[in-house]
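Coordinate analysis (summary)
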Amino acid sequence: MIKAGTNPYPRKFFPKVALAAMIETLKSQGYTVIAPTLCRDVVKLRPITGSDEIARGVRDVQDGGHYRLEQGDEALFFDCAVGPDSAKAYFFPARQELFALDIERGRFVPHQSRVQTPKLALFGLRPCDLAAIRVQDRVFAGTEPAGRKQCEAELYYSRARAESLLIVVNCTRPGGTCFCDSMGSGPKAVEGFDVAMTELRSGFVMEAGSETGMSLLRDLPVRDPSPAELELADLKTDLASKHMGRTLDTRGIVELLDSNIEHPRWDKVAARCLSCGNCTMVCPTCFCSTVSDSSDLAVKRATRTRHWESCFTHRFSYTTTGPHRHTIRGRYRHWMRHKLGTWWEQFGTSGCVGCGRCITWCPVGIDLTEETAAIRDSSPKVEHEANFPLESEVTK
Ligand code: SF4
Ligand code: SF4
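Residues numbered from 1 in each chain as written. Chains lettered and ligands numbered in written order. Predicted model: local features only at pLDDT ≥ 70, side-chain atom pairs only at ≥ 80, totals over all residues. Heavy atoms only, no water.

This part covers the sheet that holds strand S11 (residues 203-208). In space, the seven strands of this open sheet follow the order S1-S11-S10-S9-S8-S2-S3, with mixed pairing throughout. Only two strands of the sheet have a single neighbouring strand rather than two, namely strand S1 (12-15) and strand S3 (42-48). Taken over all neighbouring pairs, the strand axes of this sheet differ in orientation by 30 degrees on average, direction set aside. Summarising the sheet, strand S2 (residues 32-39) and strand S8 (residues 120-125) pair through three bridges and their orientation is parallel. Across the sheet, the residue bridging to Thr32 is Leu120, located in S8. Along the sheet, helix H3 (residues 127-140) makes contact with S8 and strand S9 (165-169), crossing S9 at roughly 145 degrees. (Pairing = 2+ DSSP bridges. Helix = DSSP H or I, 4+ residues; strand = E, 2+ residues; numbered from the N terminus. Axes fitted to C-alpha atoms, helices over the stretch in contact; angles between N-to-C directions. Contact = heavy atoms within 4.5 Å.)

Structure below.
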């Protein structure tokens, strides 16, 4: 994959009438195509068999604790911002069997059939989701500390990522809770994709970002775009960056949060927070998991399963003396400081890509951009260094 600003591939124009052929091409190459689909009034990423299953002609209205779909422009296939799910569930499944033991004549016999990794074409990802994949790559496929061995779940992640094709659609109409522009992760993808597309009414301006993406474009009925088409595509993404639903001032944010551990705002947010964990479940970068063991009813097979866990649960911080993060105040503070601050120390990047999901899907509409602004506004002004490089400036 190419790096930002070094793309050697020329942009192409792809007419919408050929979208069905593109899905067929991907399927013929053995890909399971995942795209935004309409599932009971919510747009979700699901496997599709044809372009008619894409959530076409709908647009979303998003705000804190609020998500609605309404009739949109029938000519547009990708007029919704992100829904509750992301690529995360496809590389890091919510439930995953790690291993099983058969109990035969009183002895445990390993029953370890390696889970098949799918060959996925993620079609219609948003630039913030692409940034989130890069964040999770550091968590699951990172090589630090040197010589670290990957566990079975991480090996699955690495295999699925290696097989995947990432087709991004640049955002031209951000959602009400989006703030990717503040985090440098959108609304236009600049690196890390196989193909990036900007939707116009008649077709897509497309850009390959890897040799695999370029080879896909060679199989499609693309043509050179006109100067007007290129100008319109650029104008649409430029306008999107000026119309974000939210903004987050990231100047000196690590030191801002570090120096406000006892701020009274944490009590205010704790009075509203239900500690339900929705924010962590929908977040495309949250990676915590736990394991549980079970046996079948005949006690013939024991299975260890890994499943997503949330730092908002009581049991999450349980140690021999009980949970050490036993207040909601402590849990919310831990989560937000990790996302925006301590993630930098751990992984050299922000843990937040500005997708806005945690705001939309919080049942009481708690908004980390609002919480950060409230802490900043009531804190003594400090000269903030730009110690928060934009996601796109961070070298891998
Ligand atoms: S913390 Fe919220 S806005 Fe940031 S990446 Fe996670 S869900 Fe998106
Ligand atoms: S911030 Fe919102 S989504 Fe997250 S745990 Fe609290 S109530 Fe649930």
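What follows is about empty space enclosed by the protein. In this structure the tally under the stated criterion is eight cavities of 30 Å³ or more. Roughly 160 Å³ of volume is contained in the largest cavity. Listed by contribution, the elements that provide at least two residues to the lining of the largest cavity are S3 and S8. Its residues assigned to classes, the lining of the largest cavity comprises ten nonpolar, two polar and five charged. Considering the residues around the second largest cavity, the lining is formed by 16 residues, among which Cys273, Cys279, Tyr332, Cys362 and Ile366 are closest to the centre. (1 Å grid on protein atoms, 1.4 Å probe; cavity = no way out; pocket = protein on both sides within 12 Å on 5 of 7 lines; lining within 4 Å. Points joined across faces, edges and corners; volume = space filled by probe spheres on them. Nonpolar A, V, L, I, M, F, W, Y, C, P; charged D, E, K, R; others polar.)

Between helix H9 (residues 265-272) and helix H13 (residues 368-377), whose axes approach to 10 Å, the crossing angle comes to 155 degrees. Judged by the inter-axis angle, H9 sits roughly antiparallel to H13. Here H9 runs over H13; the crossing is right-handed. Two secondary-structure elements touch here, H9 through Arg265, Trp266, Val269 and Arg272 and H13 through Glu370, Glu371, Ala374 and Ile375. (Parallel < 35°, antiparallel > 145°, perpendicular 65-115°, else oblique. Left-handed = near helix turned anticlockwise from the far one by under 90°.)

Moving on: the sheet that holds strand S6 (residues 95-104). A sheet is described by the order of its strands in space; here four strands give the open sequence S7-S6-S13-S12, paired in antiparallel fashion. Of all the strands in the sheet, the pair left with one neighbour each is strand S7 (107-111) and strand S12 (289-295). The mean inter-strand angle of the sheet, taken between neighbouring strand axes irrespective of direction, is 25 degrees. Both S6 and strand S13 (residues 301-308) contribute to a ladder of seven bridges, which runs antiparallel. Paired with Phe99 across the two strands is Arg304, which belongs to S13.

Right, let's get into helix H6 (residues 211-218). In an α-helix, one turn spans 3.6 residues, which is why side chains three or four residues apart end up on the same side. Regarding H6, the residues found buried are Gly213, Met214, Leu216 and Leu217. When H6 is viewed along its axis, its buried side chains cluster within an angular range of 155 degrees and face the same direction. At its buried positions, H6 is contacted by S1, helix H1 (19-28), S9, strand S10 (195-199) and S11. (Buried < 20%, exposed > 50% of the residue type's maximum accessible area, 1.4 Å probe, protein only. Arc of directions from axis to C-beta.)

What follows covers the nonpolar core. Counting 36 residues, the largest nonpolar core has Phe91, Leu122, Leu125, Ile133, Leu166, Phe287 and Val353 as its most contacted members. When residues of this core are traced back to their parent elements, those giving at least two are helix H2 (88-91), S8, H3, helix H4 (152-163), S9 and helix H11 (328-347). Top element by residues in this core is H3. It accounts for eight residues. Per-domain counts for this core show at least three residues from each of domain 1 (12-242) and domain 2 (253-286 + 313-393). (Core = buried A, V, L, I, M, F, W, Y, C linked by side-chain atoms within 4.5 Å. Domains from an automatic or database assignment.)

Let us now look at the environment of Ala271. Mapped onto the fold, Ala271 is located in helix H9. C-alpha separation for the pair Ala271 and Arg329, spaced 58 residues apart in sequence, amounts to 8.2 Å.

Let us look at the packing of aromatic side chains. Throughout the structure, instances matching the rule amount to 16 aromatic pairs. One Lys or Arg, Lys88, reaches over the ring of Trp308 and ends 4.4 Å from the middle of that ring. Against the face of Tyr31 rests Lys119, its NZ or CZ located 4.5 Å from the ring centre. (Phe/Tyr/Trp six-rings, centres within 6.5 Å; stacked < 30°, edge-to-face > 60°. Lys NZ or Arg CZ within 6 Å of the ring centre and 35° of its normal.)

Every one of the 13 residues lining ligand 2 counts as a neighbour, but Cys273, Leu274, Cys276, Cys279 and Cys362 are closest to it. In a pocket analysis with a 2 Å cut-off to the grid points, ligand 2 is assigned to the second largest cavity. (Near = heavy atom within 4 Å. Sits in = over half its atoms within 2 Å of the grid points.)

Moving on to the domain arrangement of the protein. Under the domain assignment used here, the protein contains domain 1 (12-242) and domain 2 (253-286 + 313-393). In this structure, domain 1 and domain 2 have C-alpha centres spaced 26 Å apart. A per-residue breakdown of the area domain 1 buries against domain 2 is headed by Val135, Phe179 and Met183, which together make up 24% of the total. Summed over the shared surface of domain 1 and domain 2, the number is one salt bridge. The salt bridge involving Arg357 is made with Asp129; its shortest N-O contact spans 3.0 Å. On inspection of domain 1 and its partner domain 2, the count reaches 19 residue pairs in polar contact (both at pLDDT 80 or more). Sorting the residues of the side of domain 1 that touches domain 2 by element identifies strand S4 (58-63), strand S5 (66-71), H3 and helix H5 (180-183) as the ones contributing at least two each. (Buried area = accessible area lost by both parts, 1.4 Å probe. Salt bridge = Lys/Arg side-chain N within 4 Å of Asp/Glu carboxyl O. Polar contact = N/O pair within 3.5 Å; in protein donor to acceptor, adjacent residues only side chain to side chain.)

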